[in-house]
Amino acid sequence: LGIYRDKASLLPVEYYNKLPKTVTVDTVFVLDPMPISGSTALAALDIIKDWGASRAEGGRPFRTKLVCLVAKEEALKAIAEAHPDVQVHVGIVDGDPKAPVMASLGDVGDRLYQTS
């Protein structure tokens with residue numbers, strides 16, 4: 001599953017989805033390096049849960065875990081509200097409401113793909 005944040009609209013855009021037709025896992029890990037608003041992580045979690053609900057064998061549930069390097073406090077609150085059953089693992093929580101993200105981190109996608 002691949003989702004990116006559109007720079008103009010700031011909305012999540014799904015660009016890749018190759019989830020298998022049959023759910024055969026007990027745990028799904030959703031990776032979002034830096035949730036700022038939480039919208040991309042929320043979109044991914046919604047897609048994963050819809051996939052699991054429609055494809056689960058005999059209604060067998062799976063656990064979902066979100067893994068992040070740095071996350072804004074507001075994003076974590078939004079994720080917890082929408083998906084209280086999801087375990088969230090975060091390296092650092094950025095609680096500064098004035099700054100968009102911890103200074104000097106920049107946009108991870110831009111750094112990875114040298115698109116800035």
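Residues numbered from 1 in each chain as written. Predicted model: local features only at pLDDT ≥ 70, side-chain atom pairs only at ≥ 80, totals over all residues. Heavy atoms only, no water.

Visitor: How do you make sense of the pattern of salt bridges when you look at a structure like this?
Guide: Side chains that differ in sign of charge can pair as their charged atoms come close. Overall, the coordinates contain three salt bridges when judged by the stated rule. In this structure, the salt-bridge partner of Lys49 is Asp85, at a minimum N-O distance of 2.6 Å. On the criterion of sequence distance, the pair formed by Lys49 in helix α1 (residues 39-55) and Asp85 in the loop between α2 (73-82) and β5 (87-94) is long-range, its members being 36 residues apart. Accessibility expressed as a relative area gives 23% for Lys49, which makes it partly exposed. Taking the shortest distance from any N to any O, the salt bridge between Lys72 and Asp94 comes out at 3.7 Å. Here Asp94 lies in strand β5 and Lys72 lies in strand β4 (residues 63-72), a separation of 22 residues in the sequence. (Salt bridge = Lys/Arg side-chain N within 4 Å of Asp/Glu carboxyl O. Helix = DSSP H or I, 4+ residues; strand = E, 2+ residues; numbered from the N terminus. Buried < 20%, exposed > 50% of the residue type's maximum accessible area, 1.4 Å probe, protein only.)

Visitor: Would you mind going over the sheet that holds β5 with me for this structure?
Guide: For sheets, the rule is that strands pair by backbone hydrogen bonds, running either parallel or antiparallel. Strand order in the open sheet formed by three strands is β3-β4-β5, with parallel pairing between adjacent strands. Each of the sheet's edge strands pairs with one partner strand only, and the pair in question is β3 (27-31) and β5. Taking each pair of neighbouring strands and ignoring which way they run, the sheet shows an average axis angle of 10°. As paired strands, β3 and β4 are joined by five bridges and run parallel to one another. Bridged to Phe29 within β4 is Lys65. Across the sheet, α2 is in contact with β4 and β5; its angle to β4 comes to roughly 165°. (Pairing = 2+ DSSP bridges. Axes fitted to C-alpha atoms, helices over the stretch in contact; angles between N-to-C directions. Contact = heavy atoms within 4.5 Å.)

Visitor: Mind showing me how you'd approach unusual backbone geometry here?
Guide: Glycine aside, the phi torsion of most residues is negative, and most peptide linkages are trans. Even without a glycine there, the phi angle at Leu10 is positive, about 65°. By secondary structure assignment, the location of Leu10 is in the loop between β1 (2-5) and β2 (12-16).

Visitor: How should I be thinking about the nonpolar core in this particular structure?
Guide: Nonpolar side chains in soluble globular proteins tend to end up buried together. Formed by 17 residues in total, the largest nonpolar core has its most connected members in Val30, Phe62, Leu66 and Ile79. When contributions to this core are tallied by element, the ones reaching two or more residues are β3, α1 and β4. With eight residues, α1 is the largest single contributor of residues to this core. (Core = buried A, V, L, I, M, F, W, Y, C linked by side-chain atoms within 4.5 Å.)

Visitor: For this particular structure, what's the right way to read the side chain of Lys65?
Guide: Of note, Lys65 is situated in strand β4. Summary of buried charges: Lys65 has no salt-bridge partner, and the nearest side chain of opposite charge, Asp26, is 11 Å away. Look past the residues within four positions of Lys65 in its chain and what remains in contact with it is Thr27, Val28, Phe29, Val30, Val86, Gln87 and His89. (Lys, Arg positive; Asp, Glu negative; His and termini not counted.)

Visitor: Even after reading the chapter, I still don't get the pairing of β2, so can you show me in this structure?
Guide: Consecutive residues of a regular strand have side chains that alternate between opposite faces of the sheet. Note: β1 against β2, four bridges, orientation antiparallel. Looking at β2, one finds that Gly2 is bridged to Tyr16. With antiparallel pairing between neighbouring strands as the criterion, β1 and β2 make up a hairpin whose turn holds six residues, including Leu10 at a positive phi of roughly 65°.

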